[in-house]
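# Close look at the chain arrangement
The residues making up each chain are set out below.
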Amino acid sequence: TFGTNGTTVLSMNSPNSYSLIEDVDVLPDGTITVCGKMNFHGGASIGLSAKPILAKLHTNGTMVQQFGINGIMYFDALFQGNDSFRDICFDNQNRILISGYAQYPYPYSRGYYYFRLLNNDGSNATDFGNNGIIYFNLGTSTTDFSNYISRIMIIDYQIYGLGWTSYGNNRKTTLFKLANGTLDVTENLIEAFTVYPNPINKVVNISNEKGMVIQNIKVIDIKGKIL
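Now for a look at the structure at hand. (Residues numbered from 1 in each chain as written. Predicted model: local features only at pLDDT ≥ 70, side-chain atom pairs only at ≥ 80, totals over all residues. Heavy atoms only, no water.)

### Details of the overall build of the protein
Summing up its helical and strand segments, the protein has zero helices and 13 strands in all. Ordered by position in the sequence, the α and β elements of the protein form the string β-β-β-β-β-β-β-β-β-β-β-β-β. Each of the 227 residues in the protein was classed as buried or not, and the buried ones make up 41%. Counted over contacts in the protein with a minimum sequence separation of 6, partners at least 24 positions apart contribute 44%. Of the roughly 13100 Å² that the protein leaves accessible, carbon and sulfur atoms contribute 51%. (Helix = DSSP H or I, 4+ residues; strand = E, 2+ residues; numbered from the N terminus. Buried < 20%, exposed > 50% of the residue type's maximum accessible area, 1.4 Å probe, protein only. Contact = heavy atoms within 4.5 Å. Areas by Shrake-Rupley, 256 points an atom, 1.4 Å probe, with all protein chains shown as cover.)

### Regarding the pairing of strand 6 (residues 96-103)
Burial of strand 6 is extensive: eight of the eight residues sit out of reach of the surface. As paired elements, strand 5 (residues 83-90) and strand 6 share seven bridges and run antiparallel to each other. The partner of aspartate 83 across the bridge, within strand 6, is alanine 102. As consecutive antiparallel partners, strand 5 and strand 6 are separated by five residues, and within that stretch asparagine 94 has a phi angle of approximately 60°, a positive value. Pairing geometry for strand 6 and strand 7 (residues 111-118), over eight bridges, is antiparallel. Each residue of the ladder has a partner; that of leucine 97, found in strand 7, is leucine 117. (Pairing = 2+ DSSP bridges.)

### Description of the packing of aromatic side chains
Evaluation of the coordinates by the stated rule reveals 15 aromatic pairs. Ring plane angle 70° and centroid distance 5.2 Å describe the contact between phenylalanine 75 and phenylalanine 85, whose orientation is recorded as edge-to-face. Here phenylalanine 85 lies in strand 5 and phenylalanine 75 lies in the loop between strand 4 (72-74) and strand 5, a separation of ten residues in the sequence. Given the relative accessible area of 0%, phenylalanine 85 is considered buried. Between the aromatic rings of tyrosine 112 and tyrosine 135, the centroid separation amounts to 5.2 Å while the plane-to-plane angle is 75°, which identifies the pairing as edge-to-face. Taken as a pair, tyrosine 112 in strand 7 and tyrosine 135 in strand 8 (residues 133-136) lie far apart in primary sequence, 23 residues in all. Owing to a relative accessible area of 15%, tyrosine 112 belongs among the buried residues under this scheme. A connected cluster of aromatic rings, assembled from ring pairs, spans Phe79, Tyr104, Tyr112, Tyr135 and Phe145. (Phe/Tyr/Trp six-rings, centres within 6.5 Å; stacked < 30°, edge-to-face > 60°.)

### Observations regarding the side chain of serine 166
One can find serine 166 in strand 10 (residues 158-167). A relative accessible area of 15% means that serine 166 is categorised as buried. Beyond its immediate chain neighbours, meaning those up to four positions away, serine 166 contacts Asp144, Phe145, Ser146 and Arg171.

### A word on the sheet that holds strand 10
Strand order across the open sheet formed by three strands is 9-10-11, with antiparallel pairing between neighbours. Both edges of this open sheet fall to strand 9 (146-155) and strand 11 (170-177), since each of them pairs with a single strand only. Strand after strand, the sheet turns through a mean of 10° between neighbouring axes, direction not considered. Pairing between strand 9 and strand 10: nine bridges, direction antiparallel. Directly across from methionine 153, in strand 10, lies its bridge partner tyrosine 160. (Axes fitted to C-alpha atoms, helices over the stretch in contact; angles between N-to-C directions.)

### Side note on the environment of glycine 168
Mapping glycine 168 onto the fold places it in the loop between strand 10 and strand 11. We classify glycine 168 as exposed; its relative accessible area is 72%. It is 7.0 Å that separates the C-alpha atoms of glycine 168 and aspartate 144, two residues lying 24 residues apart in sequence.

### Focus on the nonpolar core
If you look at the biggest cluster of nonpolar residues, it comprises 20 residues, and the most contacted ones within it are Leu54, Ile88, Ile96 and Ile98. Where this core is concerned, the elements lending two or more residues are strand 5, strand 6 and strand 7. With 15 residues, the next largest nonpolar core counts Phe115, Ile149, Ile159 and Phe176 among its residues. (Core = buried A, V, L, I, M, F, W, Y, C linked by side-chain atoms within 4.5 Å.)

Given below as structure tokens:
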């Protein structure tokens with residue numbers, strides 16, 4: 001029941017390109033999200049350049065047409081070089097946290113760890129980094145370095161990353177945690193409330209144990225639609 005005999009092909013919008021899928025994850029509603037890169041001739045690099053891509057599919061393998069261009073979002077390389085998304089996870093608001101690397105074009109040898117946080121509709125989460133983007137280097141102060149993400153996780157609102165950094169003839173495995181509050185600190189407010197029952201039929205109860213001032217309440221479904 002998935003795609004054609006179990007297979008779905010993601011068609012890029014450039015005829016002279018090829019793509020590579022690096023990771024896949026599934027939202028609670030069954031929506032499939034994949035990330036990777038699209039290689040193409042041209043751009044600032046000699047030979048092939050690469051743009052990161054993000055795509056959404058329904059549970060049956062068809063594209064979520066209203067997401068990006070026919071289900072695929074294409075992102076320009078941060079430094080007009082070669083970028084790729086390597087891993088996906090979701091925060092407690094079902095926002096999409098994607099990570100990878102962003103490289104300078106030839107003749108530079110410089111690549112950064114690259115994080116991007118998107119709302120469920122694909123728009124930038126403006127409360128994260130600089131308009132939804134964070135990049136950094138864990139190598140030395142040398143001009144040539146490369147940073148690659150292998151895996152990311154969100155645990156108790158904290159972002160953890162695993163990857164490797166190289167500079168000169170050295171390469172080191174890196175395990176790091178981004179600073180407290182990198183994700184929207186208002187997520188921690190959820191701990192002040194209890195919502196029940198679960199699942200909900202007709203009535204939802206919100207217990208405000210700490211007596212916090214509530215300005216408004218919105219009920220939003222898993223796709224981000226305000227009910």
